[in-house]
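# Reading the structure
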Amino acid sequence: MTNGSSEYDIVCDNLVRIYQTEGVEVVALQGLDLLVKPGELLAVVGASGSGKSTLLNILSGNDVPTAGRATVAGHDLLEMSGSNRAAYRRDVAGFVWQQTARGLMPFLTAAENIALPLLINSMSRAERTARAHELLELLGIAYCADRRPKEMSGGEQQRCAIAVAVANQPRVLFADEPTGELDSATADDVFAALRRTNEELGTTVVVVTHDPGVAEHVDRTVAIRDGRTSSETLRRTELTAEGHERVVAEEYAVLDRAGRVQLPREFVAQLGLRDRVRLELEPDHVGLWPGHAGQDGERR
Ligand code: ADP
Ligand code: MG
């Protein structure tokens, strides 16, 4: 298995990250699996401390996992050398931080900030300026072109930071709680900008948040619990009998590539499941029963 890159932009296979601090081990990721297709707009949610930033830091090339496999657009993040890592962060992975000003140079205007990463390409000054204005337009902040970051609101700064991150057309854009410091109306503008980036530029987008409301803005939401993906919510629109569009969200358990499923805690509690369960294959579903001792003998 060498090339999952054509089918998936992101492959995480049994990803583990253990932090060592003062002799204490913290297992931030414990066997996380994740597959993201090219052009997906994905949200990652989870409680504080569940491992969301750890995952994003690994995928964006800022941190190295302890074990497992992580590839982004065919780049193996465990094998990557230091110089390749820098090129990876420049060309393949864009990043937007929670602190709005972090991705922006304070003494440059919005347009200059966006043109800056384009200097490494053999683009003329006019081409760089045109590209910067194109992106400002796309993200709805054309009126900010000549403003410095401190002359923009938090939401405008964050949309400008998105433009800077995608200026060089990275394959994937990562955003770690980009709306964490914004009110909800402004947060909606930033989510809309991420969606436009995804739809118009075709960038694969992974946005981390602890706000479950984000699921309204994306097609798929993956929940992380204790350093593992635990469930997914898929959103689709369907037509009602009256012909109206309705958004339907369905939650699924994650099935990993070895065929493992984690049962929701409440299911386990409700049926008193422990140690083993009995499975039966039906034509279109799988039945699951408590597997108490003695039951085997009673089976047909
Ligand atoms: P989230 O972003 O979901 O809030 P993090 O990925 O930041 O979660 O953290 C996951 C776990 O790893 C937490 O228990 C956190 O304390 C720990 N952790 C994160 N970064 C470090 C670090 N640099 N050193 C030690 N422990 C860390
Ligand atoms: Mg975090």
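Remember, predicted model here, so these are calculated numbers, not experimental data.

One pass over the structure, following the stated rule, counts one aromatic pair. Aromatic side chains Phe-95 and Trp-97 sit 4.3 Å apart centroid to centroid with 50 degrees between the ring planes, which places their arrangement in the tilted category. Positioned above the aromatic ring of Trp-97 is the side chain of Arg-102, whose terminal nitrogen or guanidinium carbon lies 3.6 Å from the ring centre. The ring of Trp-289 has Arg-278 lying over it, and the distance from NZ or CZ to the ring centre is 4.8 Å.

Before going further, it helps to spend a moment on helix H6 (residues 184-201). The end-to-end C-alpha separation of H6 is 25 Å, in line with the 26 Å expected for 18 residues at 1.5 Å each. Along H6, the positions that sit buried rather than exposed are Thr-186, Ala-187, Val-190, Phe-191, Ala-193, Leu-194, Thr-197 and Asn-198. End-on, the buried residues of H6 take up no more than an arc of 150 degrees, which puts them together on one face. Across from the buried face of H6, at angles greater than 90 degrees, the exposed residues are Ser-184 and Ala-185. Its buried side turned inward, H6 meets strand E3 (41-45), helix H5 (154-166), strand E7 (172-176) and strand E8 (204-208). Capping the start of H6, Asp-183 holds a side-chain oxygen 3.2 Å from the backbone nitrogen of Ala-185, two or three residues further along.

Around ligand 1, a shell composed of Tyr-19, Thr-21, Val-26, Ala-28, Ala-47, Ser-48, Gly-49, Ser-50, Gly-51, Lys-52, Ser-53 and Thr-54 is seen. Measuring from an oxygen atom of ligand 1, one finds a backbone N or O atom of Gly-51 at 3.1 Å. Between an oxygen atom of ligand 1 and a side-chain N or O atom of Lys-52, the distance comes to 2.8 Å. Relative to its unbound accessible area of 560 Å², ligand 1 is 63% covered by the protein chains. Contributions of two or more residues to the shell around ligand 1 are made by strand E1 (10-21), strand E2 (24-36) and helix H1 (52-59). Here the shell around ligand 1 gets three residues from one element, more than from any other, and that element is H1. Among the residues making up the shell around ligand 1, the classes are represented as four nonpolar, seven polar and one charged.

About the thresholds
Residues numbered from 1 in each chain as written. Chains lettered and ligands numbered in written order. Predicted model: local features only at pLDDT ≥ 70, side-chain atom pairs only at ≥ 80, totals over all residues. Heavy atoms only, no water. Phe/Tyr/Trp six-rings, centres within 6.5 Å; stacked < 30°, edge-to-face > 60°. Lys NZ or Arg CZ within 6 Å of the ring centre and 35° of its normal. Helix = DSSP H or I, 4+ residues; strand = E, 2+ residues; numbered from the N terminus. Expected span 1.5 Å × (residues − 1). Buried < 20%, exposed > 50% of the residue type's maximum accessible area, 1.4 Å probe, protein only. Arc of directions from axis to C-beta. Contact = heavy atoms within 4.5 Å. Polar contact = N/O pair within 3.5 Å; in protein donor to acceptor, adjacent residues only side chain to side chain. Near = heavy atom within 4 Å. Areas by Shrake-Rupley, 256 points an atom, 1.4 Å probe, with all protein chains shown as cover. Nonpolar A, V, L, I, M, F, W, Y, C, P; charged D, E, K, R; others polar.

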